[in-house]
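Chain residues, written in single-letter form:
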Amino acid sequence: MSKMHAVTMNRRQLMQLGSATLASMGLAGRLYAAPASGPRFLLVFLRGGYDSTNLLIPYSSDYYYEARPSIAIARPEPSSNTGALALDANWALAPAVRDTIGPMYAQRQVAFIPFAGTEDLSRSHFETQDSIELGQPASAARNYRSGFLARLSDTLLGSSANISPIAFTDALPLAFQGNMPVPNLSLKSVGKPPFDERQSRILSDMYSGQHLQAAVSNGLELRQEVAQQFADEMRAANRDAINTKGFELEAERMGRLMRDNYRIGFIDVGGWDTHVGEGGAQGSLASNLASLGRGLQAFSQSLGAEWNNTVVVVLSEFGRTFRENGDHGTDHGHGTVYWALGGAISGGSIAGEQQRLERHTLFQDRDYPVLNDYRAVLGGLFRSMWGLSPEQGERIFQQMAPVDLKLV
Amino acid sequence: MWASTPASRRGAFEFNPARHDFAPKTLLGHAVEGSGFGEVENAVKLIVHQPACARFISRQLAIYFVADDPPPALVERMAQTFMHSDGDIAAVLRTLFMAREFDSALGGKFKDPMRYVISSVRFAYDGKPIVNSRPLLNWLNGLGEAPYGHATPDGYALTELNWASSGQMSRRFEIARAIGSGNAGLFDPEDGSAATVTGFPQLSNRLYFEALEPFLGARTREALNRANSQQEWNTFLLSSPDFNYE
């Protein structure tokens, strides 16, 4: 049952194996060991429409300060090492992530893509979340059995790349619905495996020939694997060696699993729908951002050298209104800011199409416009990461020409 | 004038005239005069009288009780009942439960977490009131269907595709083990006093022999034969495909 031992091949052994062997280790609904190389992709979905305006602060816009009398974040001051961190002449980074994302940005491992989003104008959480996870053209009727991460996995299966998809969630997200059974497991708590090998086999056998067979086997194997992987962490915890909690601990675990076995990951984080009492430099949004920043930092560290082979994209279904509302919060908007992180990306920049943010340039006099379509941006990233052909790209995102932001 | 009427509250629901917009409105092509809470009642009547409402509710019920893609003829008959009975849900359900499509679909619906958890506990302890519902809530949380926990107004999913993931199945097996191997904390009073029931439940009971055993699949029977304790037998039964569908 333990697949951990198969992992530590060196690069030369991997080349000797040849791609034919790798392809034959294919995914017939079973997990398998992937060699310690190859691109890794993690999608972090912030559910609720996070307020991107108070993450990537448009401090050169006077209207920002007029529009947010109680929640705007003060302009960066060069002499200060708290407060917003200037990234360039127009944008500053929220104080809440200054110490985590700030250094990564300075090392060119983070890029931000403002004015990003979808064509969906419903401003409805579940509609727009579904729209993004399916990644299908707006004109076609929705097929709820085909998410874009599933199509990415399918497309890569045919090539010599190794992919092991995983959702670090309690339920399988729409993005991974597809032909291939994708294992899912939340890493909030990892206890000892409840079933031994014999019991796991009996449970699996009950489902043989039934269409849930792959899901059942995957789930049992993944549980075993994760419990073994983190057995040492639990011993360390008993010696007070670990002091982190919440998303940070989860993210550290995710990093270890993606360092070793998994290549395409998904996690979602909630609590971003700040209609009331959002706060500015401090407050509920700032706390959530701080936790996210620590988590991303922990993730990058636990990947070790494989951080250079990894790309993380952080996104949300939409941004929020440029102006604050009557409850010191913000309401559903349109354009948002996506993050791209990775050890070897060409970061340290604000990427994609941009424009000034003044009252008359707002979308529908309320929101950021969308100048960078998410399918074009993700499509461009995937093409570069895995060297996909135009036909392969088209299978993942139909009717959407990819845009290369030159991040990878 | 209107603002002097006090707010009305029931539970977490509140209608506060001082925050209400009394301007006349148009809903679904009908004029709605600004009269206060009466507008809400009018709005509900307007919505319920739409044929689309009858079809929507009938379809949701048919998905829940019959199949993920229910027979359109059944949904239409239910919608007709809805419209003729002015929205009488009991009448609509009667149309559903008396339908031959309902009978022929039995055994094909994947249980959502609520049905899985409740049917498991009822099977184990029918007739015996539990003392502590915390384990139930924890299980529902872990399976992704905490009561009233769905963040958006579309409600929890009703179909197998949305529930039957690998993580869901693993968690159900663990819950099966908890229920099959002990009292699962269901009889441990919150005040810390002694458990009112201890030990594991007897699942090979009369209900099992009458309603489950005759219909068990071959693979499930094989698994039950391989159990080397009553607790394991219980766990395998509650984990079986037979028990996860109804």
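All figures in this text were calculated on a predicted structure; none of them were measured in a lab.

Enquirer: Can you tell me about the overall build of chain A, naming the residues and giving the values?
Expert: Counting secondary structure elements, chain A contains 12 helices and 11 strands. Expressed as a percentage of contacts within chain A between residues at least 6 apart in sequence, the contacts between residues at least 24 apart total 73%. Accessible surface for chain A amounts to roughly 16,100 Å². Of this, 49% is attributable to carbon and sulfur atoms.

Enquirer: Before we move on, can you summarise the packing of helix α9 (residues 247-260) of chain A against helix α10 (residues 284-302) of chain A with the specific residues and values?
Expert: Residues and elements named next belong to chain A. In the contact formed by α9 and α10, the axes pass within 7 Å of each other and the chain directions differ by 25°. Comparing their axes, α10 and α9 come out roughly parallel. Between α9 and α10 the crossing geometry is right-handed. Each of F247, E248, A251, E252, M254, G255, R256, M258 and R259 in α9 lies in contact with α10, whose residues at this interface are S291, L292, R294, G295, L296, A298, F299 and S302. A per-class count over the contact of α9 with α10 returns 8 nonpolar, 4 polar and 5 charged.

Enquirer: Help me get a handle on the pairing of strand β9 (residues 336-341) of chain A, residues and values and all.
Expert: Here is the key point about a regular strand: its side chains alternate between the two faces of the sheet. Residue and element names in this part refer to chain A. Most of β9 is tucked away: 6 of the 6 residues are buried. The alternating pattern of β9 places T336, Y338 and A340 on one face and V337, W339 and L341 on the opposite face, and all of these are buried. Here strand β8 (residues 310-316) runs beside β9; their pairing, made up of 3 bridges, is antiparallel. In the strand pairing of β9, V313 is matched with A340.

Enquirer: Can you tell me about the domain arrangement of chain B, naming the residues and giving the values?
Expert: Accessible area lost when the parts come together is the quantity often used to give the size of an interface. Residues and elements named next belong to chain B. The assigned domain composition of chain B is domain 1 (8-48), domain 2 (51-105) and domain 3 (113-244). In this assembly, 4 residues from domain 2 lie in contact with 5 residues from domain 3. Carbon and sulfur atoms make up 54% of the surface buried where domain 2 meets domain 3, a total of about 480 Å² over both sides. Together, I63, Y64 and D68 form the three largest contributors to the area buried by domain 2 at its contact with domain 3, with a combined 82%. At the boundary of domain 2 with domain 3, the tally comes to 0 salt bridges. If you look at where domain 2 meets domain 3, you find 2 residue pairs in polar contact (both at pLDDT 80 or more). When the residues that make up the side of domain 2 that touches domain 3 are grouped by side-chain class, the tally is 2 nonpolar, 1 polar and 1 charged.

Enquirer: Give me the interface of chain A and chain B: which residues, what numbers.
Expert: The interface is formed by 31 residues belonging to chain A together with 33 residues belonging to chain B. Summed over both sides, the interface between chain A and chain B buries roughly 2,800 Å², with carbon and sulfur atoms accounting for 58% of that surface. Applying the counting criterion to the chain A and chain B interface returns 4 salt bridges. Our count for the contact surface shared by chain A and chain B stands at 19 residue pairs in polar contact (both at pLDDT 80 or more). Breaking the side of chain A that touches chain B down by element, the ones donating at least two residues are α4 (125-134), α6 (197-206) and α7 (213-229) of chain A. Here the side of chain A that touches chain B is built from residues that sort into 16 nonpolar, 10 polar and 5 charged.

Enquirer: Pulling in residues and values, what's your account of helix α4 (residues 89-97) of chain B?
Expert: All names here are of chain B. If you check which residues of α4 are buried, you get A91, V92, T95 and L96. Viewed along the axis of α4, the buried residues span an arc of 145°, placing them on a single side of the element. Residues of α4 that are buried sit in contact with α2 (51-65), α3 (72-84) and α5 (100-105). For α4, the N-terminal cap is D88; the gap from its side-chain oxygen to the backbone nitrogen of A90 is 3.0 Å.

Enquirer: I'd like a description of helix α1 (residues 37-48) of chain B, backed by residues and values.
Expert: Residue and element names in this part refer to chain B. The end-to-end C-alpha distance of α1, which contains 12 residues, comes to 17 Å, matching closely the 16 Å that a straight helix rising 1.5 Å per residue would cover. For α1, the set of buried residues is E39, A43 and L46. Axial view of α1: buried residues confined to an arc of 65°, hence all on one face. Looking at the buried side of α1, the elements it contacts are β3 (25-27) and β4 (30-32).

Enquirer: Could you give an account of the nonpolar core, with specific residues and numbers?
Expert: Nonpolar side chains in soluble globular proteins tend to end up buried together. V44, I101, F112, W339 and L341 of chain A are the most contacted members of the largest nonpolar core, which has 59 residues in total. Residues within four places of V44 of chain A in sequence aside, it is in contact with I267, V269, L292, L296, V312, V313, V314 and L315 of chain A. One finds V216 of chain A together with A124, I179 and L237 of chain B within the second-largest nonpolar core, a separate group that totals 42 residues.

Enquirer: Can you break down the packing of aromatic side chains residue by residue, with the values?
Expert: What the rule picks out here adds up to 29 aromatic pairs over all chains. Pairing F148 of chain A with F397 of chain A gives two aromatic rings, centres 5.4 Å apart and planes at 35°, and the pair type is tilted. Taken together, the residues span a long stretch of sequence, with F148 of chain A in helix α5 (residues 148-157) and F397 of chain A in the segment after α12 (390-396) at a distance of 249 residues. By the burial criterion, F148 of chain A is buried, and F397 of chain A matches it. Aromatic ring contacts, followed pair by pair, group Y63, Y64, Y65, W91, F115, F322 and Y368 of chain A into a single cluster. Sitting over the face of the ring of F243 of chain B, K111 of chain B holds its NZ or CZ atom 3.7 Å from the ring centroid. In this arrangement the basic side chain of R177 of chain B is found over the ring face of F195 of chain A, its NZ or CZ atom lying 5.7 Å from the centre.

Enquirer: Hey, could you go over the sheet that holds strand β3 (residues 85-86) of chain A for me, with residue numbers and the actual values?
Expert: Residue and element names in this part refer to chain A. Strands sit in the order β2-β4-β3 across an open sheet of 3 strands; the sheet is antiparallel. Two strands lie at the open edges of the sheet, namely β2 (56-57) and β3, each paired on one side alone. Where β2 lies against strand β4 (residues 92-93), 2 bridges are found, and the strand directions are antiparallel. What sits directly across from L56, in β4, is L93.

Calculation criteria
- Residues numbered from 1 in each chain as written.
- Chains lettered and ligands numbered in written order.
- Predicted model: local features only at pLDDT ≥ 70, side-chain atom pairs only at ≥ 80, totals over all residues.
- Heavy atoms only, no water.
- Helix = DSSP H or I, 4+ residues; strand = E, 2+ residues; numbered from the N terminus.
- Contact = heavy atoms within 4.5 Å.
- Areas by Shrake-Rupley, 256 points an atom, 1.4 Å probe, with all protein chains shown as cover.
- Axes fitted to C-alpha atoms, helices over the stretch in contact; angles between N-to-C directions.
- Parallel < 35°, antiparallel > 145°, perpendicular 65-115°, else oblique.
- Left-handed = near helix turned anticlockwise from the far one by under 90°.
- Nonpolar A, V, L, I, M, F, W, Y, C, P; charged D, E, K, R; others polar.
- Buried < 20%, exposed > 50% of the residue type's maximum accessible area, 1.4 Å probe, protein only.
- Pairing = 2+ DSSP bridges.
- Domains from an automatic or database assignment.
- Buried area = accessible area lost by both parts, 1.4 Å probe.
- Salt bridge = Lys/Arg side-chain N within 4 Å of Asp/Glu carboxyl O.
- Polar contact = N/O pair within 3.5 Å; in protein donor to acceptor, adjacent residues only side chain to side chain.
- Arc of directions from axis to C-beta.
- Expected span 1.5 Å × (residues − 1).
- Core = buried A, V, L, I, M, F, W, Y, C linked by side-chain atoms within 4.5 Å.
- Phe/Tyr/Trp six-rings, centres within 6.5 Å; stacked < 30°, edge-to-face > 60°.
- Lys NZ or Arg CZ within 6 Å of the ring centre and 35° of its normal.

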